[in-house]
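Reading the structure
Residues per chain are reported as follows:
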Amino acid sequence: MKTEIFYFSGTGNSLWVAQKIRDKIQGAKLISIPNAIKQEEGIKGDTVGIVCPIYMYNIPHLVADFIGKIESAEYIFLVYAGAGELGGGVKDTFKLFASQSLKLSALINVPMPNNYTPYDITPEDQQKELFDNLEVRVEEIVQIVKNRRNFADSSNTSFFRATIYPGILYRLGYNRINIMDQEFIVDKKCTGCGICKSVCPVNNISIEKDKPVWHKNCQQCYACLQWCPEEAIEYGNKTQGIERYHNPYITVKDIIQSSAE
Ligand SMILES: Cc1cc2nc3c(=O)[nH]c(=O)nc-3n(C[C@H](O)[C@H](O)[C@H](O)COP(=O)(O)O)c2cc1C
Ligand code: SF4
Ligand code: SF4
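Residues numbered from 1 in each chain as written. Chains lettered and ligands numbered in written order. Predicted model: local features only at pLDDT ≥ 70, side-chain atom pairs only at ≥ 80, totals over all residues. Heavy atoms only, no water.

1. Here's the deal with the site of ligand 2
The immediate surroundings of ligand 2 are formed by 13 residues, with C190, C193, G194, C196 and C228 found nearest. Residue composition of the shell around ligand 2, by class: nine nonpolar, three polar and one charged. (Near = heavy atom within 4 Å. Nonpolar A, V, L, I, M, F, W, Y, C, P; charged D, E, K, R; others polar.)

2. Some thoughts on the packing of helix 1 (residues 13-24) against helix 5 (residues 124-146)
Look at helix 1 against helix 5: their axes get within 9 Å of each other, and the N-to-C directions meet at 50°. Between helix 1 and helix 5, the angle is such that the two are oblique. As for how helix 1 packs across helix 5, the hand of that crossing is right-handed. Listed contacts from helix 5 to W16, V17, K20, I21 and K24 of helix 1 are F131, L134, E135, V138, E139, I141, V142 and K146. (Axes fitted to C-alpha atoms, helices over the stretch in contact; angles between N-to-C directions. Helix = DSSP H or I, 4+ residues; strand = E, 2+ residues; numbered from the N terminus. Parallel < 35°, antiparallel > 145°, perpendicular 65-115°, else oblique. Left-handed = near helix turned anticlockwise from the far one by under 90°. Contact = heavy atoms within 4.5 Å.)

3. Describing the site of ligand 1
The environment of ligand 1 is made up of 24 residues, and the closest members are S9, T11, S14, A81 and E85. One of the backbone N or O atoms of N13 is found 2.8 Å from an oxygen atom in ligand 1. M56 has a polar backbone atom sitting 2.9 Å from a nitrogen atom of ligand 1. Look at ligand 1: alone it shows 650 Å² of surface, and the protein chains cover 98% of it. Cavity membership is defined here by more than half of the atoms lying within 2 Å of grid points; on that basis ligand 1 lies in the largest pocket. In the shell around ligand 1, the residues fall into 12 nonpolar, 11 polar and one charged. (Polar contact = N/O pair within 3.5 Å; in protein donor to acceptor, adjacent residues only side chain to side chain. Areas by Shrake-Rupley, 256 points an atom, 1.4 Å probe, with all protein chains shown as cover. 1 Å grid on protein atoms, 1.4 Å probe; cavity = no way out; pocket = protein on both sides within 12 Å on 5 of 7 lines; lining within 4 Å. Sits in = over half its atoms within 2 Å of the grid points.)

4. Let's talk about the layout of surface pockets
Empty space within the largest pocket amounts to approximately 990 Å³. What lines the largest pocket is a set of 44 residues, among which M56, N114, Y116, Y119 and Y170 lie closest to the centre. Secondary-structure elements contributing two or more residues to the lining of the largest pocket are helix 1, helix 5 and helix 7 (167-174). For the lining of the largest pocket, the leading source of residues is helix 7, giving four residues. Of the residues in the lining of the largest pocket, the class split is 24 nonpolar, 14 polar and six charged. (Points joined across faces, edges and corners; volume = space filled by probe spheres on them.)

5. What about the side chain of T11?
Here T11 is to be found in the loop between strand 1 (3-7) and helix 1. Classification of T11 by relative accessible area gives buried; the value is 3%. Separated by 3.1 Å, the side chains of T11 and N115 make a polar contact. In this view, T11 contacts N115, C221, Y222, Q226, W227, Y245, H246 and N247; residues no more than four positions away in its chain are not counted. (Buried < 20%, exposed > 50% of the residue type's maximum accessible area, 1.4 Å probe, protein only.)

6. Focus on a negative patch on the surface
Negative charge collects at one region of the surface, where E124, D125, E129, E230, E231 and E243 lie side by side. The topology assignment puts E124 in helix 5. Among the residues examined, E124 registers a relative accessible area of 58% and is labelled exposed. (Patch = residues over 30% accessible without salt bridge, like charges linked within 9 Å, V, L, I, M, F, W, Y side chains within 5 Å. Salt bridge = Lys/Arg side-chain N within 4 Å of Asp/Glu carboxyl O. Lys, Arg positive; Asp, Glu negative; His and termini not counted. Charge placed at Lys NZ, Arg CZ, Asp CG, Glu CD.)

7. So, the sheet that holds strand 4 (residues 70-80)
The six strands are arranged 2-1-3-4-5-6 in an open sheet whose pairing can be described as parallel. On the outer flanks of this sheet lie strand 2 (29-32) and strand 6 (151-152), each paired with one strand and no other. In this structure, strand 5 (residues 106-109) lies alongside strand 6, joined through two bridges in parallel fashion. Paired with L107 across the bridge in strand 6 is A152. Across the sheet, helix 5 touches strand 3 (43-52), strand 4, strand 5 and strand 6, and the angle it forms with strand 5 is around 180°. (Pairing = 2+ DSSP bridges.)

8. Observations concerning helix 4 (residues 89-99)
Buried within helix 4 are the following residues: G89, V90, T93, L96 and F97. Down the axis of helix 4, the buried side of the element spans an arc of 125°, and every buried residue falls inside it. Projecting away from the buried face of helix 4 at angles above 90 degrees are the exposed residues K91, K95, A98 and S99. At its buried positions, helix 4 is contacted by strand 3, helix 3 (61-67), strand 4 and strand 5. (Arc of directions from axis to C-beta.)

9. Quick word on the environment of I67
Structurally, I67 is set in helix 3. Among the residues examined, I67 registers a relative accessible area of 0% and is labelled buried. In this structure the C-alpha to C-alpha distance between I67 and N114, which are 47 residues apart in sequence, comes to 24 Å. Ignoring anything within four residues of it in the chain, the contact list for I67 reads I50, I59, L96, F97, Q100 and L102.

10. Comments concerning the pairing of strand 3
With eight of its 10 residues buried, strand 3 lies for the most part within the structure. Pairing of strand 1 with strand 3, which is carried by five bridges, proceeds in the parallel orientation. Note that in strand 3 the partner of I5 across the bridge is G49. Examined bridge by bridge, strand 3 and strand 4 share nine bridges and lie parallel to one another. By the bridge assignment for strand 4, C52 is matched with Y80.

Structure follows, in structure tokens:
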């Protein structure tokens with residue numbers, strides 16, 4: 001059984017989860033989606049896994065585009081390494097695969113710390129609890145995948161949250177994710193180091209006059225804001241004074257490599 005695990009990760013959670021799954025499946029290969037999507041040929045796989053965050057109860061746009069490149073696979077599994085709330089994302093993700101004439105056999109929810117700074121960052125004691133639970137969860141995933149089981153996790157979201165609030169806002173927001181970078185601002189702490197540009201998975205940032213400029217092709221992965229060593233990037237007036245987050249077991253170099261052309 002050849003296993004390829006494709007991952008998309010802004011702040012390292014999904015990459016860390018993907019690495020852990022890879023380590024437990026003999027011969028499994030890890031491939032970054034920002035890189036894979038640039039390849040001309042379509043994907044023809046045996047076991048194909050996808051590990052990614054969930055944004056606004058929906059699949060990241062880049063991952064949806066990547067799924068369009070899958071031509072065939074014997075068994076497909078998808079792991080949402082989000083903050084645990086999938087809302088309507090479970091149903092919508094199965095639908096997305098079906099619309100491409102693909103069968104998603106397993107959809108698995110792995111709660112990780114929240115990186116969505118304008119809302120709430122997961123406190124450190126809760127982060128530790130999530131990390132401590134991961135080994136057991138990864139073992140469950142590996143058993144599902146090795147036995148090629150059908151599986152659909154629960155969305156872990158109340159009906160009200162999934163459909164009314166923030167469900168409606170999320171549906172509206174999801175369709176304008178690409179232009180939400182117009183809210184990013186940079187303050188005078190910026191040194192012009194270019195890290196924000198290098199971690200961006202879609203080349204959406206250029207450095208002009210030693211400052212980042214965003215180009216309205218955003219995924220809202222928050223890599224630029226979270227990895228800036230000076231904490232010089234803010235999202236409008238919603239992130240000032242709020243602690244930054246990136247996965248402590250993943251380095252900025254790992255993310256730059258995942259995003260490299
Ligand atoms: C714009 C945005 C929207 C998000 N929406 C959700 C969501 O609907 N449900 C959820 O569980 N987590 C949500 N998150 C949290 C991320 O999915 C979560 O922190 C994930 O682990 C980040 O993965 P990464 O470190 O691989 O980038 C959101 C994060 C961002 C930046
Ligand atoms: S990473 Fe931060 S300090 Fe470096 S160029 Fe970007 S905004 Fe400026
Ligand atoms: S501009 Fe920032 S938030 Fe948008 S895709 Fe690039 S790194 Fe992610």
